[in-house]
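# Topology and contacts: notes
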Amino acid sequence: MAAEVRQSIQRLTLRELEARGLAIGRELRAPALVTLMGELGAGKTTLVQAICRGLGVTEPVTSPTFALIHEYVAPRVRVVHCDLYRLETERDVASLGLDDVLADPHAIVLVEWPERAGQLLPDPTLRVMLAHVPDNDVARDCSEVWSA
């Protein structure tokens, strides 16, 4: 397991979540793996969209729930966005060929529902956990763990 270098937990409005995503995107350097966990509607795709904008992606960023993987071009990196929600087994995940993507030194890989991959993913550069706040539709609890 990679050494933790930074951890934070904060309650963010959806607007603040987007601002946080922009900041994350500006901070990330390839190669990097970012995993995003949280229940449906917690804001994973919203955060991914903002991270992509922070990386310099100019095209629309959409959820790859049915396509499973979308790839975007940023000025200095290849951005690969994976949504594993519809997959049920590690074998399903292995069939996506993520090994090649993760081996690319110029790639930033953003994975929603990483728990579906079991042990197939390496330790992430950044692990994000999002949770709904009871009785508050415009805020999310956001936990980040950055590793070396």
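Below: a short report on this structure. (Residues numbered from 1 in each chain as written. Predicted model: local features only at pLDDT ≥ 70, side-chain atom pairs only at ≥ 80, totals over all residues. Heavy atoms only, no water.)

## Examining the side chain of Arg140
Threshold: In this text, helices come from DSSP runs of H or I with a minimum length of four residues, and strands from runs of E with a minimum of two, each type numbered from the N-terminal end. Buried residues are those whose accessible area, probed at 1.4 Å on protein chains only, stays under 20% of the maximum for their type, while exposed residues exceed 50% and partly exposed ones sit between those limits. For this count, His and the chain ends are skipped, Lys and Arg are scored as positive, and Asp and Glu as negative. Any Lys or Arg side-chain nitrogen located within 4 Å of an Asp or Glu carboxyl oxygen qualifies as a salt bridge.
Tracing the sequence through the fold places Arg140 in strand S7 (residues 136-147). Buried charged residue Arg140 carries no salt bridge. Nearest counter-charge: Asp137, at 6.3 Å.

## Comments concerning the environment of Phe66
Along the chain, Phe66 turns up in the loop between helix H2 (44-55) and strand S3 (69-73). On the basis of relative accessible area, Phe66 is assigned to the exposed category, the value being 66%. Spatially, the C-alpha atoms of Phe66 and Asp137 are 26 Å apart, while their sequence positions differ by 71 residues.

## Here's the deal with unusual backbone geometry
The omega torsion of the bond from Ala30 to Pro31 falls at -5°, within 30 degrees of zero and hence cis. Of note, Pro31 is situated in the loop between helix H1 (14-27) and strand S2 (32-37). Notably, Trp113 is not glycine yet its phi reads approximately 60°, a positive angle. Inspection of the secondary structure puts Trp113 in the loop between strand S5 (107-112) and strand S6 (126-133). Within the chain, Asp135 stands out as a residue other than glycine whose phi angle is a positive 60°. A residue is classified by how much of its surface remains accessible, and Asp135, at 86% relative accessible area, is exposed.

## As for the pattern of salt bridges
Within the structure shown, the criterion is met by 5 salt bridges. Arg6 is the salt-bridge partner of Glu27, the closest N and O atoms lying 2.6 Å from each other. Here the residue Glu27 occupies a position in helix H1, and Arg6 occupies one in strand S1 (residues 4-13), the gap between them amounting to 21 residues. Measuring nitrogen to oxygen at the nearest pair gives 2.7 Å for the salt bridge that ties Asp141 to Arg11. Of this pair, Asp141 sits in strand S7 while Arg11 sits in strand S1, and the two are 130 residues apart along the sequence. By relative accessible area, Arg11 is classed as exposed at 52%.

## So, H1
To keep things clear, this is the line we draw: Expected span of a helix: the number of residues minus one, times 1.5 Å. The directions considered for the arc run from the helix axis to the C-beta atoms.
Between the first and last C-alpha of H1 there are 20 Å, a value that for 14 residues agrees with the 20 Å anticipated at 1.5 Å per step. Here H1 has its buried residues at Leu17, Arg20, Gly21, Ile24 and Gly25. When H1 is viewed along its axis, its buried side chains cluster within an angular range of 140° and face the same direction. Away from its buried face, by an angle of more than 90 degrees, H1 presents the exposed residues Arg15 and Arg26.

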